[in-house]
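Letter by letter, the chains look like this.
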Amino acid sequence: MSASNPSAAKPPARLRTHEQVVAEIESRLNSGALKAGDRLPPERQFAETLGVSRGAVREALRILEAIGVVEAGPGSGPNSGSRIVTDSTVGMGMLLRMHLQLASFTETDLLETRLMLERLACRKAAGVATGAQIYHLRRLVDEMRSAPGTAEHHQLDTAFHVGIAQISGNGLAAALMAALRDALHNAMIAGFERLDDPVCTMATLTDEHELIVDAIAAGDGGAAADHVARHILGFYRVLGFSEFS
């Protein structure tokens, strides 16, 4: 008889108690028993239901809060306790930044992913944008023209691009877009401030935003996608990203 495979004989790793709590919350999210904005059971009740200690529940909630899945409601009363977040963008952005630092992927990976999302969002937005949504984008462009500095301009720039993703109707694309912008925020601001003439660059970017809005308003998704690609690649070249030259 041949020797058995040692790895095959290993029992499956047992979850630590706080991991059981995390797994239970994930299961409830997957099943629809929990959804965005829902409040979690009180710690004592949750611990008794799962047969774990309150300390395990607290540890699980700390982890989920750190990665942006739940948020704590301090104090007591009906608004206290933890609940599932309604906006996962902050948590997604933090995870992207951490994995960027761990070299799980490169800054170029993030930028290329953003470019693909932007092209898709512009194509879809051009087919569905309402007059009110177009007006909102144009208002952002007008505000960019009077932005007092690079930080304010960048904030409006983010609102513009995330806004297009939201108009497209693809909720995941919008969340990823916001997370990508958040993950790249510091690098973009630092690069902006190193420019010899940031005011001129801001004016050029704003003109390019206007072209994007014009194409979306005209229902020309191809032109909108081409405009946003030139806009993004041109800015990365100005910032010195050689991969895009």
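Residues numbered from 1 in each chain as written. Predicted model: local features only at pLDDT ≥ 70, side-chain atom pairs only at ≥ 80, totals over all residues. Heavy atoms only, no water.

An unreviewed UniProt entry annotates the chain as GntR family transcriptional regulator originating from Mycolicibacterium tokaiense.

Attention now moves to the environment of Ile-25. Looking at where Ile-25 falls in the secondary structure, it is placed in helix α1 (residues 17-31). Overall, Ile-25 belongs to the buried group, its relative accessible area being 1%. Through-space distance from the C-alpha of Ile-25 to that of Leu-40 is 8.9 Å; in sequence the pair is 15 residues apart. If we ignore the near neighbours within four places in the chain, the residues touching Ile-25 are Leu-34, Leu-40, Phe-46, Leu-61, Leu-64 and Ile-84. (Helix = DSSP H or I, 4+ residues; strand = E, 2+ residues; numbered from the N terminus. Buried < 20%, exposed > 50% of the residue type's maximum accessible area, 1.4 Å probe, protein only. Contact = heavy atoms within 4.5 Å.)

On to the side chain of Thr-150. Positionally, Thr-150 belongs in helix α7 (residues 150-167). Thr-150 sits in the buried class, given a relative accessible area of 13%. Apart from the residues within four sequence positions on either side, Thr-150 is in contact with Ile-189, Phe-192, Glu-193, Pro-198 and Met-202.

Right, let's get into the pattern of salt bridges. Opposite charge on two side chains permits pairing when their charged atoms draw close. Taken as a whole, this structure holds twelve salt bridges when the rule is applied. Among the salt bridges present, the one from Asp-226 reaches Arg-119, with a minimum N-O distance of 3.5 Å. Residue Asp-226 is found in helix α10 (residues 221-239), and its partner Arg-119 is found in helix α5 (residues 107-128); the two are separated by 107 residues along the sequence. Under the relative-accessibility criterion, Asp-226 is labelled partly exposed at 34%. Among the residues examined, Arg-119 registers a relative accessible area of 26% and is labelled partly exposed. A salt bridge links Arg-138 to Asp-214; the shortest N-O distance between them is 2.9 Å. Of the two residues, Arg-138 is situated in helix α6 (residues 131-145) and Asp-214 in helix α9 (residues 198-217); the sequence distance between them amounts to 76 residues. For Arg-138, a relative accessible area of 30% puts it in the partly exposed group. Assessed through its relative accessible area of 34%, Asp-214 is described here as partly exposed. Several salt bridges converge on common partners, so that one network encompasses Glu-43, Arg-54 and Arg-58. (Salt bridge = Lys/Arg side-chain N within 4 Å of Asp/Glu carboxyl O.)

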